[in-house]
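# Coordinates in review
Below are the chains, spelled out letter by letter.
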Amino acid sequence: MSMGVLWDLEPATAAKHRLYQRYLDAWWPILLQASNGYIRPRVTLLDAFAGPGRYKGGEDGSPVFILRRLLHHSAVDRMGLSRERVRLIFIEKDRARYEHLLTELTGQFGPLDDLPVRVEVHRGEAGRDSEMLLTRSKAWGHPILGIFDSWGSVQTPLDLMTRIARNKSSEVITTFGPNWFNRREELNADILDMVFGGRAHWTPADDEQRPDERWRVWTRTYREALHRAGFGYQLQFKLVPRTGQDLYLVFGTGSPKGLEAMKDAMWKVDDSDGMSFRDPRTRGAVPLGQLDLFQGTGCTDPELVELITQRLTLGQASVEEIGRWLLTETSRWKASHALGAVKEMRQEGALVVLSAGKLTSKSLVSLR
């Protein structure tokens, strides 16, 4: 195979892959293990921009590590793998990359027909072919995780996202490449209509000219599109690697458990390379990274302080309400982070407790 079909693994992509791995480590057992005696008859993962399966430096591409981590999962003996029940669909548009991916998968795992799960590799276009391939695989009516992870243009129809959102226990991850927000002139307006659900929904974002605000407004606009599609919860965040360009992700799920699993994955990602996640709502605060909430300095992460302050500018709230807001509205913070942060903000004089007695999750607080 020609090495021309491979490219270097960017730092942001490597960091994103670690996030996916952590998330899938939680996602597979949640969906595949019996729950209260119920076993789901089918679960499908769709990787719609699969790539060639390997990078120039020899690192695994997403189809390879997705399949490997499933087959070697610590809970694999309890997940009931079968070819009828577990399906992985990989789509790659470029012929050479598609052929390389097939060779890579069979070289590492043997004949695909002999695997304990069904692996489909298709040459096709994500936006055009995903829905048809999901239909052919009899995925509808059962949980689907759709990964729409293109480095370049996002061209997945909102109609497809809507159908996935209305499909039981299903989720999507969409990424925007580092230069996507500054390349509007290269994209057909009709394509943007298809992706965002109509011109009125995306033209306000396109009018934003300030470079550091464009990613905020575009990711918020896409998050709003996923909300209209029917995903009850949506996360938007910037992935900031130690070196190289940033990457932007939007996650949609209908499940609080899925939301928790994604945030748990963020906190489990190794911080040794200095990677962090930025919330679009924050402008002044620089996050400390993905270490413990209190970094051994006695200081709460400045991003968390800024976010709680933003929430309290809307009015007083209980610690529990702040926690729920952190979980559903911010990129990486969880409900469990609220109480410790509020305690420290009170000590610093930034807020006051309006309820009598010990500070608990039920306590009412406001800005000073």
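Structural data are supplied above this passage.
Reference entry: report on the structure contained in this document.

Rules behind the numbers
Residues numbered from 1 in each chain as written. Predicted model: local features only at pLDDT ≥ 70, side-chain atom pairs only at ≥ 80, totals over all residues. Heavy atoms only, no water. Helix = DSSP H or I, 4+ residues; strand = E, 2+ residues; numbered from the N terminus. Buried < 20%, exposed > 50% of the residue type's maximum accessible area, 1.4 Å probe, protein only. Polar contact = N/O pair within 3.5 Å; in protein donor to acceptor, adjacent residues only side chain to side chain. Pairing = 2+ DSSP bridges. Axes fitted to C-alpha atoms, helices over the stretch in contact; angles between N-to-C directions. Phe/Tyr/Trp six-rings, centres within 6.5 Å; stacked < 30°, edge-to-face > 60°. Right-handed = clockwise from strand over helix to strand, strands pointing away. Salt bridge = Lys/Arg side-chain N within 4 Å of Asp/Glu carboxyl O. Expected span 1.5 Å × (residues − 1). Parallel < 35°, antiparallel > 145°, perpendicular 65-115°, else oblique. Left-handed = near helix turned anticlockwise from the far one by under 90°. Contact = heavy atoms within 4.5 Å. Nonpolar A, V, L, I, M, F, W, Y, C, P; charged D, E, K, R; others polar. Core = buried A, V, L, I, M, F, W, Y, C linked by side-chain atoms within 4.5 Å.

The next thing to look at is the side chain of Glu303. Positionally, Glu303 belongs in helix H10 (residues 302-313). On the basis of relative accessible area, Glu303 is assigned to the buried category, the value being 0%. In this structure the side chain of Glu303 is engaged in a polar contact, spanning 2.8 Å, whose partner is the side chain of Trp333.

Okay, the sheet that holds strand S6 (residues 233-240) next. Strand order in the open sheet formed by eight strands is S3-S2-S1-S4-S5-S7-S6-S8, and the pairing between neighbours is mixed. With one partner strand each, in any of the chains shown, strand S3 (118-123) and strand S8 (276-278) form the two edges of the open sheet. Each adjacent strand pair in this sheet contributes to an overall mean axis angle of 20 degrees, direction not counted. The sheet contact formed by strand S2 (residues 86-92) and S3 spans six bridges and is parallel. Residue pairing for S3: Phe90 is matched across the bridge by Val121.

Bringing the packing of aromatic side chains into the picture now. Between two aromatic rings, the relevant description is the distance of the centres plus the angle of the planes. Within this structure, the stated rule accounts for ten aromatic pairs. Seen from their ring centres, Trp27 and Trp28 are 4.9 Å apart, and the 70 degrees between their planes marks the pair as edge-to-face. Each member of the pair, Trp27 as well as Trp28, carries the same accessibility label: buried. Judged by centre distance (6.5 Å) and plane angle (20 degrees), the rings of Trp202 and Trp218 are stacked.

Within strand S1 (residues 43-47), five of the five residues are buried, which leaves the element mostly enclosed by the surrounding structure. The side-chain alternation of S1 yields two buried faces, one formed by Val43, Leu45 and Asp47 and the other by Thr44 and Leu46. Direction of pairing for S1 relative to S2: parallel, over a ladder of five bridges. Along S2, the bridge assignment pairs Asp47 with Phe90. One crossover worth recording links S1 to the parallel S2 by way of helix H2 (residues 62-71), and it is right-handed.

Let us look at the pattern of salt bridges. Counted under the stated rule, the structure contains 29 salt bridges. The salt bridge involving Arg68 is made with Asp60; its shortest N-O contact spans 2.3 Å. The class of Asp60 is partly exposed, set by a relative accessible area of 22%. Sharing partners across several salt bridges, the network here consists of Arg54, Asp60, Arg68 and Glu104.

Residues that lie three or four places apart on an α-helix share one face, since the helix turns once every 3.6 residues. Helix length check: helix H8 (residues 211-229) (19 residues) gives 28 Å between terminal C-alpha atoms against 27 Å at 1.5 Å per residue, within 8%. Gly230 occupies a position one or two residues after H8 and carries a positive phi of about 125 degrees.

Further remarks concern the packing of helix H11 (residues 319-329) against helix H12 (residues 338-347). Viewed as axis vectors pointing N to C, H11 and H12 meet at an angle of 120 degrees, and their least axial separation amounts to 9 Å. Between H11 and H12, the interaxial angle falls into the category oblique. For the pair H11 and H12, the sense of crossing is right-handed. Between H11 and H12, the contacting residues are Val319, Ile322, Gly323 and Leu326 on the first element and Ala338, Leu339 and Val342 on the second. Class assignment for the residues of the contact of H11 with H12 results in six nonpolar, one polar and no charged.

So, on to the environment of Lys362. For Lys362, the position within the fold is in the loop between strand S10 (351-353) and strand S11 (364-367). Distance in space between the C-alpha atoms of Lys362 and Ala317 is 9.3 Å, their sequence separation being 45 residues. Here Lys362 is in contact with Ser318, Glu320 and Ser355, once residues within four sequence places are set aside. There is a polar contact of 3.1 Å between the side chain of Lys362 and the side chain of Glu320.

Turning our attention to the sheet that holds strand S9 (residues 317-318). Pairing is antiparallel across the open sheet formed by three strands, whose spatial order is S9-S11-S10. Strands with a single pairing partner mark the edges of an open sheet, and in this sheet they are S9 and S10. In this sheet, S11 lies alongside S10 in antiparallel orientation, the contact comprising three bridges. Directly across from Leu351, in S11, lies its bridge partner Leu367. Contacts between H10 and the sheet are confined to S9, S10 and S11, with S11 contributing the most and set at about 95 degrees to the helix.

Now for the packing of helix H1 (residues 11-32) against H2. Between H1 and H2, the shortest axis-to-axis distance is 10 Å and the interhelical angle comes to 40 degrees. Judged on the interaxial angle alone, H2 and H1 are oblique. Seen from above, H1 lies across H2 with right-handed handedness. Contact residues: His17, Tyr20, Gln21, Leu24, Asp25, Trp28 and Leu32 in H1; Ser62, Phe65, Ile66, Arg69 and Leu70 in H2.

Next up on the list: the nonpolar core. Within the largest apolar cluster, 69 residues are counted, with the highest numbers of intra-cluster contacts made by Trp28, Phe90 and Leu105. Examining the composition of this core, we find that ten residues originate from one element, H1, more than from any other. Each residue touching Trp28, except ones within four places of it in the same chain, is listed here: Gln33, Val43, Leu45, Ile66, Leu70, Met79, Val86 and Leu88. Counting residues in each nonpolar core, the second largest holds 36 residues, with Leu133, Ala165, Tyr222 and Ala225 among its members.

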